[in-house]
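Observations on the model geometry
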Amino acid sequence: MTSRLLVGPFNRVEGDLEVALEIEGDRVRSAQVNATMYRGFEQILQGKAPHDALVFVPRICGICSVSQSVAAARALADLGGITMPPNGQHATNLILATENLADHLTHFYLFFMPDFVRPVYADRPWHAEALHRFAPDSGEQVRAATAARQRWFTLLGTLGGKWPHTQSVEPGGSTRPIDAAERVRLLARLREFRAFLERHLIGDSLEAFTALASEDALWAWHAQAPLRGDLRFFLTVVQDLALQGLGPGPGRYLSFGAYAQPGGQHALARGLWRAQAQRLDEVDTHAIAEDATFAWLAQARDPLHPLHGLTRPEPDKPGAYTWNKAPRLAGEVVETGAMARQLASGHPLIRDAVGRHGGTVYTRVLARVLELARVLPMMEDWLLAIRPTEAFCVPAELPDEGHGVGLSEAARGALGHWLVVRGGRIANYQIVAPTSWNFSPRDAQGTPGALEQALVDAPVRDGEKTPVAVQHIVRSFDPCMVCTVH
Amino acid sequence: MNVLWLQSGGCGGCSMSLLCADTTDFQGHLRAAGVNLLWHPSLSLASGEDVLALLRSVIDGTTVLDALCVEGSLLRGPNGTGRFHMLAGTGLPMIHWVRELAVKARHVLAVGSCAAWGGITAGGDNPTDACGLQYEDDRPGGLLGADFRSGSGLPVINIAGCPTHPSWVIDTLMALAADAFTSDDLDPLARPRFYADQLVHHGCTRNEYYEFKASAEKPSDLGCMMEHMGCKGTQVHADCNIRPWNGEGSCTRGGYACIACTEPGFQEPGHLFHQTPKIAGIPVGLPTDMPKAWFVALASLSKSATPKRVKHNAVADHLVEKPAIRRTRLK
């Protein structure tokens, strides 16, 4: 017997989200994902001076604000042929990494783990401990993590004036020079956060955790102390609820490469990881196209590359079910996020785990924690690489005609800005955000997006109106709905 | 005090900012102040059906609503239908829910400039017909209308800012919970006076450069950003440089201009954000309460008296000249 379920409002995701489920027996048969809000940033930006984008785009999203700024600054730098000095690069990376790591922390403690305190799990042996740690208003670890997050963001008070919506990120670097004394203080803040991660989340040194090179090593490490630290607690739950196989992604994982270095390389390499073939492909950004067949937006004859993209609302369009377009890479559905970055940059633990289980609830969450542990030491290096007496920013001279592409990695994955300038004004501005990929609707061929695929076969318990397994899968992507549609 | 928090046509950044409140125990801090979050989109456990049951219980009077916080602008389009944001799971536009809930609330708070005035979402030609709860830019009206008063008799409290400072929100909630907030505490734009009676200029660390009109010329310069870089701090109501952000920050301390994000209509200034509009070399926007002739006279006098140190440092990204050390006791 088939029944339908409309699930929403979702919370502990950024923005508003609705999922329509078709259920057969005790399983989801198919899903449609609806990003329910449209604000029209791409329309608002039309006709503005290019540099003014740096005021608007961070305000697309309150949680990935800096990521949007970095992508816009890169697009402007590409437009103007601007290269930032090494200090600017390091400062920008520090600002971006502060946001990305904060988002991973927020996701784990405030958005994802609280679902395990639900009464549906009252019979599990770990439930009392889950309540103690992760009850949203009173959980010890939720409260400790919120405090750690507050302290962590004081890095951006110094590096960027404030968060969210800093204007310190420029195509030519960072407007906030850091002197030697400030650098000492910032380094102390990094160590403070490292201490939080090691004491509370990992329950071990960051290096001991990042050195785990296989799933077998991970589970052996877990078995040493199954409840020490919140990551091991998560692994305990994974084992008990068999989350290893829940919510499999499309098997193709996209990263634009994170934290560009002065030499042009990325600290976390770019690429398209094909899980089945265990192969890393080059990313051809010319092969990106957005299909608006099922969006309440005007559809061109064929899917459009973002440089020629079109955003015009058609709220009465028949058959449409979301404001989100369907981005495709060479026609394929891909998933993006921390897991993709860890796959593309070749971390053996994630490659092994995804090789065995596919990209699932378990590997998505594990990859985020791994990234926290991998990136923090990088930040320590970048801070030390700053030379306080050298320049942090060069002025941005922008031409009146041209185009630019800005690629970056937000916490949630690959983010691209495509910009066309004519007569000194923005003629077109197109944004493809991580959750645009992950939560895309069907395309003209009827192929569902990554979440829509991941939800198929999700278990539904008797009488559930907001199935808990669906919630785990949805939140495992760490969706950002305000970025998705913008 | 029962607080319900809804998000619509914004970015969620005011909630993210709120979580940066300067406290070692955010959840305990709110609870101790008597703030009971009925539901918050980022912080609560309840999803889907449970949330809808809560909203219905507020509307039918079963659950008392002391404060309705709305974050994000209200999207009236297309054509007045509100369909640019349908609240998930309900098939109804968010503006419908906000109207229904606002009349049940003892206090209604617009959290951030989007909910207060329309804000960034109302930029350009405002494709979604976005507005604030009780204002559309600086024109009274908005979604609820100029005459709206919540149960307490107050208009919508506009905690404007893009984003808002966490303690602007928390201090307002604490004052409301303690019954220590009246209409005298609101400025003429219904912003809490405890932050809106200040100017961003107050406490600006670039004050010596301002005094001598030693101006920054490019991003990352240390000088005053009023003359060339678009800074509106001398006109904008907020205490950002007295009550710093994220520890020790503010826009001007971060090396960029105040863009007037607490003021209605800031999203369309009519000039490039990072360039000061001038007529005959004089900035169009002069410091608040300062007659133009005085400004011109003082500016030319102070420019002619600028110490070399201040002049050189203003156009550098680190101190190139240090203040002299007095050989005698300071007088």
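Model, not experiment: these values are computed from the prediction. (Residues numbered from 1 in each chain as written. Chains lettered and ligands numbered in written order. Predicted model: local features only at pLDDT ≥ 70, side-chain atom pairs only at ≥ 80, totals over all residues.)

Along chain B, the regular secondary structure elements total 10 helices and 13 strands. Against the globule reference of 20 Å for 331 residues, chain B gives a C-alpha radius of gyration of 22 Å, in line with a compact fold. In terms of overall dimensions, chain B has C-alpha extents of about 75 × 45 × 35 Å along its principal axes. Taken across its 331 residues, chain B has 54% of its residues classed as buried. Long-range contacts, defined here as pairs at least 24 residues apart, represent 68% of the contacts in chain B between residues at least 6 apart. (Helix = DSSP H or I, 4+ residues; strand = E, 2+ residues; numbered from the N terminus. Rg over C-alpha atoms; globule rule 2.2 N^0.38 Å. Buried ≥ 20, exposed ≤ 12 C-beta atoms within 10 Å, placed from the backbone. Contact = placed C-beta atoms within 7 Å.)

Of the strand pairs in this sheet, strand β2 (residues 17-24) of chain A and strand β3 (residues 27-35) of chain A are connected by 8 bridges, and their pairing is antiparallel. Note on β3(A): the bridge partner recorded for Val19(A) is Val33(A). (Pairing = 2+ DSSP bridges.)

What follows concerns the nonpolar core. In terms of nonpolar packing, the biggest core is built from 261 residues, with Val470(A), Leu68(B) and Ala110(B) touching the most fellow members. Here this core spans two domains, since at least three of its residues come from each of domain 1 (2-194) and domain 2 (198-331) of chain B. Discounting residues that sit within four places of it in the chain, Leu68(B) has contacts with Leu4(B), Leu101(B), Ala102(B), Ala105(B), Val108(B) and Leu109(B). (Core = buried A, V, L, I, M, F, W, Y, C linked by C-beta atoms within 7 Å. Domains from an automatic or database assignment.)

Let us look at the packing of helix α8 (residues 180-202) of chain A against helix α11 (residues 229-241) of chain A. All names here are of chain A. Remark: α8 packs on α11, axes separated minimally by 3 Å, with the N-to-C direction vectors making an angle of 30°. Overall, the two elements α8 and α11 adopt an arrangement that is roughly parallel. Across the interface between the two elements, His200, Leu201 and Ile202 of α8 pack against Gly229, Asp230 and Leu231 of α11. Among the residues making up the contact of α8 with α11, the classes are represented as 3 nonpolar, 2 polar and 1 charged. (Axes fitted to C-alpha atoms, helices over the stretch in contact; angles between N-to-C directions. Parallel < 35°, antiparallel > 145°, perpendicular 65-115°, else oblique. Nonpolar A, V, L, I, M, F, W, Y, C, P; charged D, E, K, R; others polar.)

Before going further, it helps to spend a moment on the confidence of the model for chain B. This prediction gives chain B a mean pLDDT of 96; 99% of its residues lie at or above 70. Confidence metrics for the complex model read pTM 0.98 and ipTM 0.97. (pLDDT = per-residue confidence, 0-100.)

Turning our attention to unusual backbone geometry. All names here are of chain A. The omega torsion of the bond from glycine 8 to proline 9 falls at -5°, within 30 degrees of zero and hence cis. Tracing the backbone shows proline 9 in the loop between β1 (2-7) and β2. For the peptide bond that leads from tryptophan 163 to proline 164, omega is -5°, which places it in the cis range. Examined against the element boundaries, proline 164 turns out to sit in the loop between α7 (154-160) and β4 (169-170). In this structure, histidine 165 is a non-glycine residue whose phi angle is positive, near 70°. Here histidine 165 lies in the loop between α7 and β4. At histidine 486, a residue that is not glycine, the phi angle is positive and equals roughly 50°.

Contacts between the two partners involve 62 residues from chain B, matched on the other side by 74 residues from chain A. Counting residues per element, the ones that place at least two in the side of chain B that touches chain A are α1 (13-18), α2 (26-32), α3 (49-59) and β5 (86-87) of chain B. Here the side of chain B that touches chain A takes 5 residues from α1(B), the largest share from any one element. Of the residues in the side of chain B that touches chain A, the class split is 28 nonpolar, 27 polar and 7 charged.

This brings us to the domain arrangement of chain B. Residues and elements named next belong to chain B. Here chain B is partitioned into domain 1 (2-194) and domain 2 (198-331). On a C-alpha basis, the centroid separation for the pair domain 1 and domain 2 is 33 Å. Taken together, the contact between domain 1 and domain 2 spans 17 residues of the former and 12 residues of the latter.

What follows covers the sheet that holds strand β6 (residues 252-255) of chain A. All names here are of chain A. The strand order across the open sheet formed by 4 strands is β10-β9-β6-β13, and the pairing between neighbours is mixed. Each having just a single partner strand, β10 (279-281) and β13 (335-336) make up the two edges of the open sheet. Relative to β10, strand β9 (residues 271-274) runs antiparallel, the two sharing 3 bridges. Bridge pairing links tryptophan 273 to leucine 280 in β10.

What follows deals with the sheet that holds β3(A). All names here are of chain A. The antiparallel open sheet is built from 3 strands, whose spatial order is β1-β2-β3. Only two strands of the sheet have a single neighbouring strand rather than two, namely β1 and β3. Sheet twist, expressed as the mean angle between neighbouring strand axes with direction ignored, is 15°. Pairing of β1 with β2, which is carried by 6 bridges, proceeds in the antiparallel orientation. Its bridge partner being in β2, leucine 6 is matched across the sheet by alanine 20.

One turn of an α-helix holds 3.6 residues; hence residues three or four places apart share an orientation. For helix α9 (residues 292-304) of chain B, spanning 13 residues, the distance from its first C-alpha to its last is 18 Å, which sits close to the expected 18 Å at 1.5 Å a residue. For α9(B), the buried fraction is low: 0 of the 13 residues fall into the buried class. (Expected span 1.5 Å × (residues − 1).)

What follows deals with the environment of His357(A). Residue and element names in this part refer to chain A. If you trace the backbone, histidine 357 turns up in helix α13 (residues 348-357). For histidine 357, a count of 18 C-beta atoms within 10 Å corresponds to the partly exposed category. Along the backbone, histidine 357 and proline 248 are 109 residues apart, and their C-alpha atoms lie at a distance of 8.0 Å. Apart from residues no more than four positions distant in its own chain, histidine 357 is found in contact with Gln244, Gly245, Tyr362 and Thr363.

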